[in-house]
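Understanding the architecture of this molecule
This is what each chain is made of:
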Amino acid sequence: MNWLLLIIAGLFEVGFATCLGKAREATGSAAFWWMAGFFLCLSLSMSLLYKATQTLPIGTAYAVWTGIGAFGTVLIGIFVFKEPVHFWRLFFLFTLIASIIGLKFVSV
């Protein structure tokens, strides 16, 4: 169950990074709502991370949480913010995921 909470926390990390990027592009009341989304996602992400670390090793949980956030944020950057895609960027993104999966398997 705590692994599921950790994955959801990582998805909310993607959410707060996305809201931050959209707030940077927005003006007026739209920027306010994107920042409100940022703080909501941030709060939910941290709360779920805290809950997950009550039974999971903190080092592994934090690495998985940041990995999910990094992976998802890069994908959002590519598909939503039209950031560049090239071989080395994707190569290191997938090595990050492989390392996180490895951490999960060696953590008991």
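Residues numbered from 1 in each chain as written. Predicted model: local features only at pLDDT ≥ 70, side-chain atom pairs only at ≥ 80, totals over all residues. Heavy atoms only, no water.

Digging into unusual backbone geometry
Backbone geometry at K82 places phi at a positive 55°, although glycine is not the residue there. Inspection of the secondary structure puts K82 in the loop between α3 (58-79) and α4 (87-106). Given a relative accessible area of 65%, K82 falls into the exposed group. (Helix = DSSP H or I, 4+ residues; strand = E, 2+ residues; numbered from the N terminus. Buried < 20%, exposed > 50% of the residue type's maximum accessible area, 1.4 Å probe, protein only.)

Regarding the side chain of N2
Assignment of secondary structure puts N2 in helix α1 (residues 2-25). By relative accessible area, N2 is classed as buried at 17%. In this structure N2 touches K51, A52, T55 and L56, once residues within four positions along its chain are discounted. (Contact = heavy atoms within 4.5 Å.)

Let's talk about the UniProt feature "transmembrane region" (unreviewed entry) in the protein chain
The residues that UniProt annotates with the feature "transmembrane region" (unreviewed entry) are residues 31-50, 62-81 and 87-106. Counted over residues 31-50, helix gives 100% and strand 0%. Its end C-alpha atoms are 28 Å apart. Taken end to end, residues 87-106 is 100% helix and 0% strand, and its first and last C-alpha atoms sit 29 Å apart. (UniProt positions renumbered as here; feature names shortened; annotations may be inferred.)

Description of the environment of F91
Mapped onto the elements of the fold, F91 is located in helix α4. Note: C-alpha distance between F91 and V80 (11 residues apart in sequence) is 20 Å.

Section: the pattern of salt bridges
Enumeration over the complete set of coordinates arrives at two salt bridges. A salt bridge links E25 to K22; the shortest N-O distance between them is 4.0 Å. Here E25 and its partner K22 are both found in helix α1, three residues apart, which amounts to about one turn of the helix. Assessed through its relative accessible area of 24%, K22 is described here as partly exposed. The closest approach of N and O atoms between R89 and E83, which form a salt bridge, is 2.8 Å. According to the relative accessible area criterion, E83 is partly exposed, its value standing at 34%. (Salt bridge = Lys/Arg side-chain N within 4 Å of Asp/Glu carboxyl O.)

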